[in-house]
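Each chain is listed here by its residues.
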Amino acid sequence: ADRSSAAKVAAGLQGSVAEATGSPNANYVVQKIITVLTPQEVPFVAEELQGAGPALACDEYGCRIYCRLLEHAAEDESTVRLLDSALAEVDVLLTHPFGHHVVEGVLEHGLARQRGEIISALRKGLVRAAYSRPGAYVLEKEFLYSS
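Described below are features of the structure shown in this document. (Residues numbered from 1 in each chain as written. Predicted model: local features only at pLDDT ≥ 70, side-chain atom pairs only at ≥ 80, totals over all residues. Heavy atoms only, no water.)

### So, the packing of helix α9 (residues 99–109) against helix α10 (residues 112–124)
- The geometry of α9 relative to α10 is characterised by a closest axis approach of 8 Å and an angle of 130 degrees between their N-to-C directions. Taken together, the axes of α9 and α10 lie oblique to each other. Seen from above, α9 lies across α10 with left-handed handedness. Counting all contacts with α9, which are made through Val103, Val106 and Leu107, the residues of α10 involved are Gln114, Arg115 and Ile118.
- Taken together, the residues of the contact of α9 with α10 sort by class into 4 nonpolar, 1 polar and 1 charged. (Axes fitted to C-alpha atoms, helices over the stretch in contact; angles between N-to-C directions. Helix = DSSP H or I, 4+ residues; strand = E, 2+ residues; numbered from the N terminus. Parallel < 35°, antiparallel > 145°, perpendicular 65-115°, else oblique. Left-handed = near helix turned anticlockwise from the far one by under 90°. Contact = heavy atoms within 4.5 Å. Nonpolar A, V, L, I, M, F, W, Y, C, P; charged D, E, K, R; others polar.)

So, in structure tokens, the structure goes:
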């Protein structure tokens, strides 16, 4: 998608981002908007998801939106707030079948203080994380990206 087309589609989605994020098809449109346009061009994307918090990070489709935001706008103020809200439940995300993708994305692309929150949670719940498949994936990513 070119920038002009993506901007037109994004404008049409304004006010419906949360609903689109939960759709098995429309979530791909939201992901493409995030990858093609800058956060300054579509500031409403992360802002419209603010109320969803950790529940969206644990959603089969919502976790994908978090991951794209991390890959393309990790330092954007709205994205940071959205992730901070989700990380309030980092213990749940660590071992959740979909939430762990968000935690892995933060380890790879997130702010240093956000990575620190995850590492702290892993230290407290290392055994629980290691014995769950999603938690083991997070541990693997932590070893890969820790400095």
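Read on for the rest.
### Here's the deal with the nonpolar core
- In terms of nonpolar packing, the biggest core is built from 41 residues, with Val30, Val45, Tyr66, Leu94 and Ile118 touching the most fellow members.
- At 5 residues, the largest contribution of residues to this core is made by helix α6 (residues 62–73).
- Sequence-distant contacts of valine 30, defined by excluding residues within four places in its chain, comprise Leu13, Val17, Ala20, Thr21, Val45 and Ile65. (Core = buried A, V, L, I, M, F, W, Y, C linked by side-chain atoms within 4.5 Å. Buried < 20%, exposed > 50% of the residue type's maximum accessible area, 1.4 Å probe, protein only.)

### Observations regarding the pattern of salt bridges
- What the rule picks out here adds up to 6 salt bridges.
- Notably, a salt bridge pairs arginine 3 with glutamate 41, separated by 2.5 Å at the nearest N-O pair. One end of the pair, arginine 3, is in helix α1 (residues 3–13); the other, glutamate 41, is in the loop between α3 (26–36) and α4 (44–48), and 38 residues separate them in sequence.
- As a salt-bridge pair, arginine 113 and aspartate 84 come within 2.7 Å of each other at their nearest N and O atoms. In this pair, arginine 113 sits in helix α10 while aspartate 84 sits in helix α7 (residues 77–87), placing the two residues 29 residues apart along the sequence.
- Assessed through its relative accessible area of 43%, arginine 113 is described here as partly exposed.
- What makes aspartate 84 partly exposed here is its relative accessible area of 25%.
- Salt bridges linked by common partners bring Asp84, Arg113 and Glu117 together as one network. (Salt bridge = Lys/Arg side-chain N within 4 Å of Asp/Glu carboxyl O.)

### What to know about empty space enclosed by the protein
- On inspection of all chains with the given rule, the structure shows 2 cavities of 30 Å³ or more.
- Size it by volume and the largest cavity reaches roughly 90 Å³.
- Surrounding the largest cavity, 14 residues form its lining, Pro39, Val42, Leu69, Ala73 and Thr79 being those nearest its centre.
- Secondary structure elements with two or more residues in the lining of the largest cavity: α4, α6 and α7.
- Along the lines of polarity and charge, the residues of the lining of the largest cavity split into 9 nonpolar, 4 polar and 1 charged. (1 Å grid on protein atoms, 1.4 Å probe; cavity = no way out; pocket = protein on both sides within 12 Å on 5 of 7 lines; lining within 4 Å. Points joined across faces, edges and corners; volume = space filled by probe spheres on them.)

### Looking at the packing of α1 against α3
- Contact geometry for α1 and α3: axes closest at 10 Å, N-to-C directions at 130 degrees. Overall, the two elements α1 and α3 adopt an arrangement that is oblique. In this structure, α1 meets α3 at a crossing whose hand is left-handed. Taken together, the residues of α3 that come into contact with α1 (itself represented by Arg3, Ala6, Val9, Ala10 and Leu13) are Val29, Val30, Ile33 and Val36.
- Classifying every residue of the contact of α1 with α3 gives 8 nonpolar, no polar and 1 charged.

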